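Coordinate inspection notes
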Amino acid sequence: MGVVSLFRVAPEGGITAPKGFRAGGLHCGLKKTPRNDLGAIVCEVPAAAAAVYTTNVFQAAPLKVTRESIASGGRLLRAVVVNSGNANACTGAQGEADAYAMRAAAAAAFGLGEHEVAVASTGVIGELLPMDRVSAGIAGLPAALAASGEGAEQFCQAILTTDLVKKEVCVKLDVDGCEVTIAGAAKGSGMIHPNMATMLAFVTTDAAIEPQALQSLLGETTDLTFNMITVDGDTSTNDMLLAMASGLAGGGELAPGHADWDAFAAAFRHVCETLAKAIARDGEGATRLVEVTVTGAVTDGSARAIAKTIVGSSLVKSAVFGADANWGRIIAAAGRAGEPINPETVDIRLGHILVLSGSRPIPFDEDEALAYLKGDTVNIFVDLHNGKGEATAWGCDLTYDYVRINAAYRT
């Protein structure tokens, strides 16, 4: 990203690392197995809040409640309560009432105003929440909260569905001589084709930042990170990325033009990009992370569209799973992206292996390519030689296990 040295990765940090935040999780009975399925993040002061949501026209009830909380609360929040195992989506008036009831129960449990609380849900679509279990669970959340790494761990576990691993990241940087922390946690494994965005993700920071500046940064960063991943081309009904800034680290209020703004924006992007790549790598049934970098496009936007088309191609994903160096899948996907391409000037590399130059095949060692494609991460480089636009997208291979997992998702 060019300015990584301006911040420091904190390998042990979690969502509670920024000053003022506690988190926790517990099992309330939404999942059949005794795994955490209810969690919360709570800030000790009103935090600047920003969010982006799925563009799916069928939007789950919790999104409406969260939008209302942020708008009615002056873009300030104190808490977010999240359940997994049930999406509370396409559940009509009762589902909406249940989302409001979750907000009210959390507000009462934490001693907050209702508009200081956001709500999120993830899981099976079309089933009503068992509100007796949810309400009882929310009542037990205050005792489960902690400002420690254990609190962050329990929250991470509470938001997982088909995920195999938790996803969290933490970085630190200096702002006006004060140490500022940014941390994130996310879930996502299937129904991943953000536009924004197919997952739940939460970012906390103790930086002082005006809410509108945070919203603008969140939107810009999302376009370069979460909106550049795909697992299966499906955009869900519940997707939300929520950021909260407590301002407790000290230092001046951050906004474009501040001396440390670029460093903060780079650190913020690192958090989002790390979570986005973790989601792609943990795609349902995936065995490899696929990273596609497109250069030489007419614009950055064109490069983004081409990169995401390639990484989302079922044929490209299948070829990666089979460790088949079939570059024809790649160039075909690029050509259907609907963006300007000169069909005579395209180069393609699989890692360091050049397979196409000037849109003409280059002899390569099949055994070397096979060995490369069997690695944990597959990098595909496409140079269009048609401009200065560039972008990177992330995805995963398409495996037999993806079908197995989704053939029995409800059962």
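Everything quoted here is computed from the prediction, not taken from an experiment.

Now for empty space enclosed by the protein. All told, the structure shown has one cavity of 30 Å³ or more when counted by the stated rule. Estimates place the volume of the largest cavity at around 80 Å³. Lining the largest cavity, in full, are V316, A319, V320, D324, A325, N326, W327, R329, I330, L350, L373 and I380. Put simply, the parts of the chain that give the lining of the largest cavity at least two residues each are α8 (314–321) and α9 (327–335). The residue inventory of the lining of the largest cavity, partitioned by class, reads nine nonpolar, one polar and two charged.

This next bit is on the UniProt feature "binding site: substrate" (unreviewed entry) in the protein. Per the UniProt entry, the sites bearing "binding site: substrate" (unreviewed entry) are T161, K187, T198, E284, N406 and T411 in this numbering. Among the secondary structure elements, N406 is positioned in helix α11 (residues 400–407).

Here the focus is the state of the cysteines. Applying the stated criterion to the full structure yields zero disulfides. Its sulfur unpaired, C156 is 12 Å from the next cysteine sulfur, which belongs to C170. By relative accessible area, which is 1% here, C156 ends up buried.

Let us now look at the packing of aromatic side chains. Think of a pair of aromatic rings as described by two things: how far the centres are apart, and how the planes are tilted against each other in angle. Taken as a whole and judged by the stated rule, the model has three aromatic pairs. Plain terms: the ring middles of F155 and F202 are 5.5 Å apart, the flat faces sit at 80° to each other, and that makes the pair edge-to-face. Residue F155 is found in helix α4 (residues 149–158), and its partner F202 is found in strand β8 (residues 200–205); the two are separated by 47 residues along the sequence. Taken as a pair, F155 and F202 share a single burial class, namely buried. An aromatic cluster is present here, built from W261, F264 and F268 joined pairwise through their rings. Positioned over the ring face of Y53 is R67, at 4.0 Å from the centre of the ring. Positioned over the ring face of F381 is R349, at 4.4 Å from the centre of the ring.

Right, let's talk about the domain arrangement of the protein for a bit. Looking at the protein, the domain boundaries give domain 1 (8–282) and domain 2 (289–408). For domain 1 versus domain 2, the separation of C-alpha centres amounts to 32 Å. With 16 residues of domain 1 at the interface, the matching set in domain 2 holds 17 residues. Three residues stand out in domain 1 for area buried against domain 2, namely M228, T230 and R281, and they jointly supply 42% of the buried area on that side. Here domain 1 is connected to domain 2 by two salt bridges. In this structure, D376 and R281 form a salt bridge, with 2.6 Å as the shortest nitrogen-oxygen distance. Viewed at the interface, domain 2 and domain 1 are joined by three residue pairs in polar contact (both at pLDDT 80 or more).

Let us now look at the environment of A10. Structurally, A10 can be placed in the loop between β1 (8–9) and β2 (21–26). Taking the C-alpha atoms as reference points, A10 and C170, 160 residues apart in sequence, are found 5.3 Å from one another. The residues contacting A10, other than those within four sequence positions of it, are C170, V171 and K172.

Right, let's talk about a negative patch on the surface for a bit. A contiguous patch of negative charge, built from D324, D365, E366, D367 and E368, is present on the exposed surface. Along the chain, the position of D365 falls in the loop between β13 (360–361) and α10 (366–373).

With respect to the secondary-structure elements, A87 resides in the loop between β4 (76–86) and α2 (92–110). Given the relative accessible area of 1%, A87 is considered buried. When the C-alpha atoms of A87 and S121 are compared, they prove to be 4.9 Å apart, with 34 residues separating the residues in sequence. Residues in contact with A87, not counting those within four places in the same chain, are A60, P62, S121, T122, G123, V124, I125 and N238.

Rules behind the numbers
Once a new chain begins, its residue numbering starts again from 1 and follows that chain's sequence as written. This being a predicted model, a pLDDT of at least 70 is required before a residue's local features are given, and a value of 80 or more before pairs of side-chain atoms are given or counted; all residues contribute to the totals for chains, interfaces and linings. For side-chain calculations, the full set of non-hydrogen atoms in the structure is used, while hydrogens and water are omitted. The method works on a 1 Å grid over the protein atoms by themselves. A cavity is a set of points holding a 1.4 Å probe that cannot get out, a pocket is an open set with protein on both sides within 12 Å along at least five of seven lines, and residues with an atom within 4 Å of a point line them. Grid points are joined across faces, edges and corners, and a volume is the space filled by probe spheres set on the points. Secondary structure elements are defined from DSSP: runs of H or I of at least 4 residues count as helices, runs of E of at least 2 residues count as strands, and each element is numbered from the N terminus. Residues are sorted three ways: Asp, Glu, Lys and Arg are charged, Ala, Val, Leu, Ile, Met, Phe, Trp, Tyr, Cys and Pro are nonpolar, and all the rest, Gly among them, are polar. UniProt positions are given in the numbering used here, feature names are shortened, and annotations may be inferred rather than shown by experiment. What counts as a disulfide here is a pair of cysteine sulfur atoms lying within 2.5 Å. Under the scheme applied here, a residue whose accessible area is under 20% of the maximum for its type counts as buried, over 50% as exposed, and between as partly exposed, the area being computed with a 1.4 Å probe on protein chains only. Geometry of aromatic contacts follows a simple scheme: Phe, Tyr and Trp rings, the Trp one being its six-membered ring, pair when their centres are within 6.5 Å, and the pair is stacked under 30 degrees between planes, edge-to-face over 60, tilted otherwise. Criterion for a charge above a ring: Arg CZ or Lys NZ at most 6 Å from the ring centre, at most 35 degrees from the ring normal. Source of the domain bounds: an automatic or database domain assignment. Between two residues, a contact is recorded if the distance between any of their heavy atoms is within 4.5 Å. Summed over both partners, the accessible area lost on bringing two parts together, with a 1.4 Å probe, is the buried area. When a carboxyl oxygen of Asp or Glu is within 4 Å of a side-chain nitrogen of Lys or Arg, the pair counts as a salt bridge. For this analysis, a polar contact is any N or O atom pair within 3.5 Å, provided that within protein one partner can donate a hydrogen and the other can accept it, and provided that sequence-adjacent residues contribute only side-chain to side-chain pairs. Patch membership is restricted to residues that have no salt bridge and whose relative accessible area is over 30%. Joining uses 9 Å for like charges and 5 Å for the nonpolar side chains Val, Leu, Ile, Met, Phe, Trp and Tyr. Residue exposure ignores everything except the shown protein chains as possible cover, and the areas themselves are Shrake-Rupley values with a 1.4 Å probe. The sign given to each residue is positive for Lys and Arg and negative for Asp and Glu; His and the chain ends receive no count. Charge positions come from single atoms, namely NZ of Lys, CZ of Arg, CG of Asp or CD of Glu.

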